[in-house]
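Observations on chain architecture
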Amino acid sequence: MHATAQRSSGIASTLFPALLAWVLGNALQLQQAQLQSWPVYCAVVLLSPVLYALAITQSAASGWRVAGVFLALLALGWGVAGLRASVFLTDALNPALEGQDLRITGVVSGLPQRSETGLRFRLQVESAQRGEQTIDVPQVMDVGWYAGAYSISLAPASAAPADGFDRSSGLSRQPGDLKAGERWQMTLRLKAPHGGRNPHGFDYELWLWEQGVQATGYVRAGAKDAAPVPLGQTWTHPVALARQTVRDQIFATVEQRQAASLIAALLVGDQNAIERTDWDLFRATGVAHLVSISGLHITMFAWGAALWVGWLWRRSGYLCLLWPAPSAALLGGVLLATAYSVFSGWGVPAQRTCLMLATVAVLRLCGARWPWPHVWMLACAAVVAMDPWSLLQPGFWLSFVAVGILFATDSGAMYSMDMRAKTIYSKILGGLREQWVITVALTPLTLLLFGQVSLVGLAANVLAIPWVTLVVTPLAMLGAVLPVLWDGAALAIGWLLIYLQWLATWPWAAINVAIPPLWAGAAGVMGGVLLVAPLPWSLRGLGLPLLLPVLLWQAPVPPPGQFELLVADIGQGNAVLVRTARHALLYDAGPRYSLESDAGNRVLVPLLQALHVRLDTVVISHRDMDHVGGAAAVLAMQPQAQLLSSIEAGHPLQAVHAAQRCSAGQRWNWDGVEFSFLHPQTTDYDKGARPNALSCVLRISNGARTALLVGDIEKAQEAQLVASGAALKADVLLVPHHGSKTSSSAEFLEAVAPRLAVVQAGYRNRFGHPAPSVLERYRERHIVVIDSPHCGALTWRSWQADMPLAGACERRQGQRYWHHPVP
Ligand SMILES: [Zn+2]
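Note on numbering: residues in each chain are counted from 1, in written sequence order. Only residues with pLDDT of 70 or above have their local features reported here, since the model is predicted, and side-chain atom pairs are shown and tallied only from 80 upward, although totals for entire chains, interfaces and linings are computed over all residues. Values reported for side chains reflect all heavy atoms of the structure, with hydrogen atoms and water molecules removed beforehand.

Moving on, we get to the coordination of the zinc ion. Note on metal geometry: ideal angles are 109.5 degrees for four donors arranged tetrahedrally and 90 or 180 degrees for six donors arranged octahedrally. Of the protein atoms, only Asp-626 (OD), His-627 (NE2), Asp-712 (OD) and His-738 (NE2) coordinate the zinc ion, at distances of 2.1 Å. The site at the zinc ion holds four donor atoms, and with the angles between them running 84 to 152°, its shape is irregular. Any N, O or S atom lying within 2.8 Å of the metal counts as a donor, and for Na, K and Ca the limit rises to 3.2 Å; water is left out, so some sites can look incomplete. As a motif over one chain, the donors of the zinc ion read D-H-x84-D-x25-H. Both residues of the pair, Asp-626 and His-627, count as buried. Site shape is set this way: if four donors have all angles between 85 and 135 degrees, tetrahedral; if opposite donors are over 155 degrees apart and all others between 65 and 115, square planar for four donors and octahedral for six; otherwise irregular. Classification of residues uses two cut-offs on accessible area relative to the type maximum, computed with a 1.4 Å probe and protein chains only: under 20% is buried, over 50% is exposed, and between them is partly exposed.

Laid out in structure tokens, this is it:
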């Protein structure tokens, strides 16, 4: 008897450290730049039970026992995550197969997404052939089937762009009528997952890794290619097929497209049709989580479902005798939330939230009376066991902290089982209070993760969450049975939009701060938790000073007299942020990827927000789409910036923001740094030169160090510049025309004589930039060349120009094993 009690108290004392160690072991493994070889992970995994047994049986002192168990679980977590990654990587795409025509048979495994430019879908591969030879390719891939020559990336709406995609030839066939679960044979060209890497930017490669996608590709459907062949419907993906049917029904039934797209987003988890302006509205008012089936949304849905199930259960005395209503409500809530998650696409965020909820529910239903930190930690450990990489996702932390706050403040009806004597009204009031608590406590975390907080978010969420969870979503669901109810859902959405639009007109609707370092964010989260914790006010007050670092954090800027270049990773195009002590200039705004997305809204606007940069000037070197693509988005966010460009008077961008011509001789001084244009001459404009020939050439110098940004000038302009006797000598050169054969002539390179040359080009871009012959010219002159596919974003500082470049590349600095090792 005594021994049993002692053993169980021993387990209790080691449970929390053991769970924590498991999570930390996984987290440590995620820090690896390269994977160890798999026998290392195997050995560590095999060692951990030995360590555990030793700790439990040998050490009498509880401190040592805890330490031993901690180490054992730390090793186990590290080893298991490493083994999983090693196994997964064996399925990676062989680089030799990139860009080859492959005949692939597979089943469409998700909901195909149709847009103006074509079709995107996920393919579960069954077999692959190159010519007559059977080959191994990754099992899961994201595939595009494009209707025309229009440029589009494969990245989803929420993702940063994959860069310029080779779709050079033969797009004569229109995309077929693809259905989820159908087996197809088609000719594909593949490449490894590759996304832009920018400071504080979205990690597209991690996003694909987490979903098991190890290749992206597009359908070769030209006249000369073997036609894609449908091989019939399979029943391997019934849910996806049902979702597709319901989605088509929604768009056929609901006349108003805006409402239809929102019903589709809420019911089948397809956010594809939501317009960009609607997304902007949701982000500005802080309710985007509602339409993107986030963990928070699922949690709130479970809470609402538990409320309904409990209410219905209590109508029947018989049922209540059979099983207590709170237990039924809890189980019903979790089951309904899981069913909803499955139907809405079973995305990774939904999976981890359901696992978290199920863990909590099982503990409660088993009658375990664990302290809340133990429950919380167990839920975290369960999610990490399913998906270690979720530790790197903002969404995981938002829902995890939200669930934790519900425990800590014990205000969650869902979790505290405090559902007995209350009326439904008091529960709704309780729900509003929870929302308030979560919003206050999550604010610092949101600032840390996104650098943006919506001040009207509270006002928006307090009504929007219950409205969407308790009214719109149930109506949308019931509409699948009785389509007339979708009209009701559309009406409810209409009212919500009116409310949100009104809120968005408030001044200071959203505030942006520079993304703070981790320590400041962590202190802020603790401050937020303290403020809402059920503690005496004197203790709660301590939360305020903890909030200060995150609120007052200023992003570092160059010292006076110095300047910094941030060569962004935007794929095939140019975009360079130039900063001095108190001013900032953006040279070019990157490419456009599709009708809805460009380097402006995907990369540059988030980057400028994260660094808290206010632009004084935007230079658009010339009118080509890979330079002007993101300009409208950037200028909409930074209307105060003056626009200097060689674009013509009738260019559409002039309607967004009037441009002044750039021409040789214009110069200005910011904080001791001299900016001057060397090209084009005013006479070049009159000659009607081609766009590339009119590229604004910008020289930036502080006397000691010089940078030269040259857009897409070609040999003739290079010769003109050399002949003009302009001060061309520079330390760093943005390689003209992305390394095209038309540019980088020998005499120009000799005149500039840079130590560093930077190529901004997309991975496997269709132009073959940079050209090998051009690279050879740089190599002959011992000029170091860095390109964006290998480097990601590059940071160059005039006051650290002699430092080694390794730390300056985003791709090398933040290298992790899931990132694409660019050949
Ligand atoms: Zn260009």
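Read from one edge to the other, the open sheet built from seven strands follows the order E17-E18-E19-E20-E21-E22-E23, with strand pairing classed as mixed. Sheet topology places strand E17 (667-670) and strand E23 (784-787) at the edges, where each strand pairs with a single neighbour. Averaged over all pairs of adjacent strands, the angle between their axes in this sheet comes to 20°, without regard to strand direction. Where strand E20 (residues 706-709) lies against strand E21 (residues 732-734), three bridges are found, and the strand directions are parallel. Bridge pairing in E21 links Ala-707 to Val-732. At least two bridges found by DSSP between two strands is the condition for calling them paired. Elements are defined by DSSP. Helices are runs of H or I of four residues or more, strands are runs of E of two residues or more, and each kind is numbered from the N terminus. Only the contacting stretch of a helix is used when fitting its axis, a line to C-alpha atoms as for every element, and angles between N-to-C directions run 0 to 180 degrees.

Strands sit in the order E16-E15-E14-E13-E12-E11-E24 across an open sheet of seven strands; the sheet is mixed. Of all strands in the sheet, those with a lone pairing partner are strand E16 (659-661) and strand E24 (794-797), marking the two edges. Neighbour-to-neighbour, the strand axes of the sheet open up by a mean angle of 20°, direction not taken into account. Taken together, the four bridges between strand E12 (residues 576-579) and strand E13 (residues 584-587) define a ladder with antiparallel strand orientation. Across the sheet, residue Arg-579 finds its bridge partner in E13, namely Ala-584.

Let's shift gears to the state of the cysteines. Sulfur atoms of two cysteines make up a disulfide when they are within 2.5 Å. Here the structure, examined in full by the defined rule, presents two disulfides. Residue Cys-662 pairs covalently with Cys-696 via a disulfide, S to S 2.1 Å. Of note, the bridge from Cys-662 to Cys-696 carries an S-S torsion of about -80° and is left-handed in sense. Taken together, the positions of Cys-662 in the loop between E16 and E17 and Cys-696 in the loop between helix H26 (682-686) and strand E19 (697-701) put the pair 34 residues apart, joining distant regions of the chain.

Another point: the packing of aromatic side chains. Centres within 6.5 Å make a pair out of two Phe, Tyr or Trp rings, where for Trp the six-membered ring is used; the pair is then stacked when the planes are under 30 degrees apart, edge-to-face when over 60, and tilted otherwise. For the structure on display, the rule yields 23 aromatic pairs. With 5.6 Å between their ring centres and 70° between their planes, Trp-209 and Trp-389 make a pair best called edge-to-face. Here Trp-389 lies in the loop between helix H13 (372-386) and helix H14 (394-408) and Trp-209 lies in helix H4 (residues 204-210), a separation of 180 residues in the sequence. The same class applies to Trp-209 as to Trp-389, namely buried. Feature note: the residues Phe-88, Trp-209, Trp-389, Tyr-817 and Trp-818 constitute an aromatic cluster, connected by ring pairs. Note on geometry: a ring has a charge over it if NZ (lysine) or CZ (arginine) is within 6 Å of the ring centre and within 35 degrees of the ring normal. In this structure, Arg-661 is placed above the aromatic ring of Tyr-685, and the distance from its NZ or CZ to the ring centre is 4.0 Å.

Attention now goes to the packing of helix H9 (residues 295-314) against helix H12 (residues 348-365). Axis separation between H9 and H12 bottoms out at 8 Å; the angle between their running directions is 40°. The pairing of H9 with H12 is recorded here as oblique in orientation. When the axes of H9 and H12 are compared, the crossing they make is right-handed. Each of Gly-295, Ile-298, Thr-299 and Ala-302 in H9 lies in contact with H12, whose residues at this interface are Pro-349, Ala-350, Thr-353, Cys-354 and Leu-357. Side-chain classes follow a simple rule in which Ala, Val, Leu, Ile, Met, Phe, Trp, Tyr, Cys and Pro form the nonpolar group, Asp, Glu, Lys and Arg form the charged group, and the remainder, Gly included, forms the polar group. Across the contact of H9 with H12, the residue classes tally to six nonpolar, three polar and no charged. Throughout this description, any angle smaller than 35 degrees is read as roughly parallel, any larger than 145 degrees as roughly antiparallel, any in the 65 to 115 degree range as roughly perpendicular, and the remainder as oblique. Crossing chirality is assigned from the near helix's rotation relative to the far helix, an anticlockwise turn below a right angle marking it left-handed and a clockwise turn marking it right-handed. Contacts are assigned to residue pairs with any non-hydrogen atoms lying within 4.5 Å of each other.

Here the focus is the pattern of salt bridges. We define a salt bridge as a side-chain nitrogen of Lys or Arg found within 4 Å of a carboxyl oxygen belonging to Asp or Glu. The full count for this structure, using the stated rule, is 23 salt bridges. Linked through salt bridges whose partners overlap, the residues forming this network are Asp-101, Arg-189, Arg-220 and Asp-225.

With that settled, consider empty space enclosed by the protein. Only protein atoms enter the 1 Å grid used here, on which a cavity is any set of points holding a 1.4 Å probe that cannot leave and a pocket is any open set flanked by protein within 12 Å on both sides along at least five of seven lines; residues with an atom within 4 Å of a point are listed as lining. Grid points are joined across faces, edges and corners, and a volume is the space filled by probe spheres set on the points. Under the defined criterion, the tally for this structure stands at five cavities of 30 Å³ or more. Approximately 100 Å³ is the volume found for the largest cavity. In this structure, the largest cavity is lined by Leu-262, Leu-266, Phe-282, Val-287, Leu-290, Val-291, Val-468, Val-472, Ile-493, Leu-496 and Leu-497. Listed by contribution, the elements that provide at least two residues to the lining of the largest cavity are helix H6 (257-268), helix H8 (288-291), helix H17 (457-479) and helix H18 (485-504). The element best represented in the lining of the largest cavity is H18, accounting for three residues. Across the lining of the largest cavity, the residue classes tally to eleven nonpolar, no polar and no charged.

Among all residues save glycine, negative phi is the norm, and among peptide bonds the norm is trans. Going from His-679 to Pro-680, the amide bond is cis rather than trans, its omega being -5°. For Pro-680, the location among the structural elements is in the loop between strand E18 (673-679) and H26. Cis geometry is adopted by the peptide bond preceding Pro-770, which originates at His-769 and carries an omega value of -10°. Tracing the backbone through its elements, the reader meets Pro-770 in the loop between strand E22 (756-759) and helix H29 (772-780). Of note, the phi angle at Arg-764 is positive, near 50°, even though the residue is not glycine.

Attention shifts here to the nonpolar core. Among the nonpolar cores identified, the biggest contains 51 residues, and Ile-250, Val-254, Ile-263, Phe-282 and Ile-298 are the most heavily contacted of them. If sequence neighbours within four positions are ignored, Ile-263 has contacts with Ile-250, Val-254, Val-268, Ala-476, Trp-486, Ala-489, Ala-490 and Ile-493. Listed in part, the 33 residues of the second largest apolar core include Val-567, Tyr-587, Trp-670 and Phe-675. Joining through side-chain atoms within 4.5 Å is the link that ties buried Ala, Val, Leu, Ile, Met, Phe, Trp, Tyr and Cys residues into a set, and such a set is a nonpolar core.

Assignment of secondary structure puts Gly-768 in the loop between E22 and H29. The spacing of Gly-768 and Gly-739 is 29 residues in sequence and 8.9 Å in space, taken between C-alpha atoms.

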